[in-house]
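Here's the letter readout for the chains.
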Amino acid sequence: MRVLIIEDEVTAASHLSALLREIEPSLTVLGVIDSVSEGREKWLEFPVPDLIFSDIQLADGLSFTLLEQVAVSCPIIFTTAYDEYAIRAFRHNSIDYLLKPIEREALETALQKYRSLNRPVADDLVRQMREMLSSRAFQPRTYRTNFLIQFRDKLLPIKVSDIAYFEIEGGVVSATLLTKIRYPIDLKLDELENQLNPQDFFRANRQFIISRKCILEVELYFNGRLQVQLIPMPGGAVVISKDRAPQFKKWLEEF
């Protein structure tokens, strides 16, 4: 089997390549395309693949932009960190997907699904993929950039980029600015988490969503946990659980 990988994260591409070779030693990785522009330039340099693994969001745009412009004649398994609304679209169109970080068991299942395809089914998947390219469901997601906060008898426009962290205390959610000013906000933390850009904000625990800008340092804590020092300092310690610690460290490294 000949596989082509479309992925702009070096570690993700290396991880996927290694897993593929572990699962199927006879498999050949033809190469890695890391951007739309590189794909346009080098597509014809690669032999025709039997299967493509493609990330959705590349550094210079959506992989769909590339796939619309080149001759795709094989099934595609998408790798994605997109949220649930996108995953539902994948299911609806019967195109397989893998959530990042990719796990061996999920990859084995996806490869087994590929092997079970007969040619008409594979062709139909390609057709469905092309139909999906024009769908608005996979346009880059936009995130909140401003809040209009009611404070006493005023409405205050607050930029998200000026916020250090959100926290809940005594059932009240508040936003603390980098200037230490604190405002109550009429949203739940779960709602805020879905509206904020995950490159800039991280859900530390049930009490805090923190901005990258406000992180001073991270200390190793008891039992594999992490304690995050913020500026300005909140009233209580911000502790990240052992289970969340690997995701938090990955977030700090990647973005």
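Here the residue numbers are simple positions, counted from 1 along each chain's written sequence. Reporting in this predicted model follows two pLDDT cut-offs: at least 70 for local features of residues, and 80 or more for side-chain atom pairs to be given and counted; totals over whole chains, interfaces and linings ignore these cut-offs and use all residues. Calculation of side-chain values draws on the structure's entire complement of heavy atoms; hydrogens and water are dropped beforehand.

## Comments concerning helix H1 (residues 10–23)
And step 1. Between its first and last C-alpha atoms H1 spans 20 Å; for 14 residues at 1.5 Å apiece the expected length is 20 Å, and the two agree.
And step 2. Only protein chains enter the accessibility calculation, which uses a 1.4 Å probe; a residue is then buried when its area is under 20% of its type maximum, exposed when over 50%, and partly exposed in between. Here a helix means four or more residues in a row that DSSP labels H or I, a strand means two or more in a row labelled E, and each is numbered from the N terminus. Those residues of H1 that sit buried are Ala12, Ala13, Leu16, Ser17, Leu19, Leu20 and Ile23. Considered in projection along H1, the buried side chains sweep an arc of 165 degrees and stay on one side of the axis. Exposed positions of H1 whose direction lies more than 90 degrees from the buried face are Val10, Thr11 and Glu22. Multiplying 1.5 Å by the residue count of a helix minus one yields the expected span of that helix. It is the directions from the helix axis to the C-beta atoms that the arc portrays.

## Points about the sheet that holds strand E14 (residues 208–211)
And step 1. Note on pairing: two strands pair once DSSP finds at least 2 bridges between them. Strand order in the open sheet formed by five strands is E12-E11-E10-E14-E13, with antiparallel pairing between adjacent strands. Strands at the two margins of the open sheet, each flanked by one partner only, are strand E12 (182–184) and strand E13 (201–203). With strand direction ignored, the average angle separating the axes of adjacent strands in the sheet is 20 degrees.
And step 2. Relative to strand E11 (residues 172–177), strand E10 (residues 163–169) runs antiparallel, the two being bridged by six bridges. For Tyr165, the partnering residue across the bridge sits in E11 and is Thr176.
And step 3. When checking whether two residues touch, look at their non-hydrogen atoms; a contact exists if any pair is within 4.5 Å. Axis lines are fitted to C-alpha atoms, over the contacting stretch for helices. Their N-to-C directions set the angle, which ranges from 0 to 180 degrees. Most of the contacts of helix H8 (residues 245–254) go to E13, to which it runs at about 175 degrees, and overall it touches E13 and E14.

## Notes on the pattern of salt bridges
And step 1. A pairing counts as a salt bridge when a side-chain nitrogen of Lys or Arg comes within 4 Å of a carboxyl oxygen of Asp or Glu. Summed over all chains, the structure comprises 12 salt bridges.
And step 2. Note that Lys100 and Glu9 form a salt bridge whose closest N and O atoms lie 3.9 Å from each other. Of the two residues, Lys100 is situated in the loop between strand E7 (97–99) and helix H5 (104–116) and Glu9 in the loop between strand E1 (2–6) and H1; the sequence distance between them amounts to 91 residues.
And step 3. According to the relative accessible area criterion, Glu9 is partly exposed, its value standing at 28%.
And step 4. A salt bridge links Arg104 to Glu22; the shortest N-O distance between them is 2.9 Å. Linking Arg104 in helix H5 with Glu22 in helix H1, this pair joins segments that are 82 residues apart in sequence.
And step 5. Connected through salt bridges with shared partners, the residues Glu7, Glu9, Asp55 and Lys100 form a single ionic network.

## Some words on H5
And step 1. For H5, built from 13 residues, the straight-helix expectation of 18 Å at 1.5 Å per residue is met to within 8% by its first-to-last C-alpha distance of 18 Å.
And step 2. Taken as a whole, H5 has its buried residues at Leu107, Ala110, Leu111 and Tyr114. Buried residues of H5, viewed axially, fall in a sector of 100 degrees; they line one side. In H5, the exposed positions angled more than 90 degrees off the buried face are occupied by Glu105, Thr109 and Ser116.
And step 3. Structurally, H5 contributes buried residues whose contacts are with H1, strand E3 (51–55), strand E6 (76–80) and E7.

## Overview of the UniProt feature "modified residue: 4-aspartylphosphate" (unreviewed entry) in the protein chain
And step 1. UniProt positions are given in the numbering used here, feature names are shortened, and annotations may be inferred rather than shown by experiment. UniProt records the feature "modified residue: 4-aspartylphosphate" (unreviewed entry) at Asp55, using the numbering of this structure.
And step 2. Within the secondary structure, Asp55 is located in strand E3.
And step 3. Residue classification places Asp55 among the buried positions, given a relative accessible area of 6%.
And step 4. Aside from chain neighbours lying at most four places away, what touches Asp55 is Ile6, Glu7, Asp8, Ser63, Thr79, Thr80 and Lys100.

## Let's talk about the environment of Thr179
And step 1. Note on placement: Thr179 falls in the loop between E11 and E12.
And step 2. Here Thr179 falls in the exposed class, since its relative accessible area comes to 55%.
And step 3. In the structure, Thr179 is positioned 16 residues away from Ile163 in sequence and 8.5 Å away in space, judged by C-alpha atoms.

## Considerations on the packing of aromatic side chains
And step 1. Aromatic rings from Phe, Tyr and Trp, taking only the six-membered ring of Trp, are treated as a pair when their centres fall within 6.5 Å; an angle between ring planes under 30 degrees marks them as stacked, one over 60 as edge-to-face, and anything in between as tilted. What the rule picks out here adds up to eight aromatic pairs.
And step 2. A centroid spacing of 5.9 Å and a plane angle of 65 degrees characterise the contact between Tyr165 and Phe208, whose relative ring orientation is edge-to-face. Here Phe208 lies in strand E14 and Tyr165 lies in strand E10, a separation of 43 residues in the sequence.
And step 3. Looking at Phe208, the relative accessible area reads 5%, which means it is buried.
And step 4. Lysine and arginine charges are scored as sitting over a ring when NZ or CZ, respectively, is within 6 Å of the ring centre and within 35 degrees of the ring normal. Note that Arg212 overlies the ring of Trp251, its terminal NZ or CZ placed 4.1 Å from the centroid.

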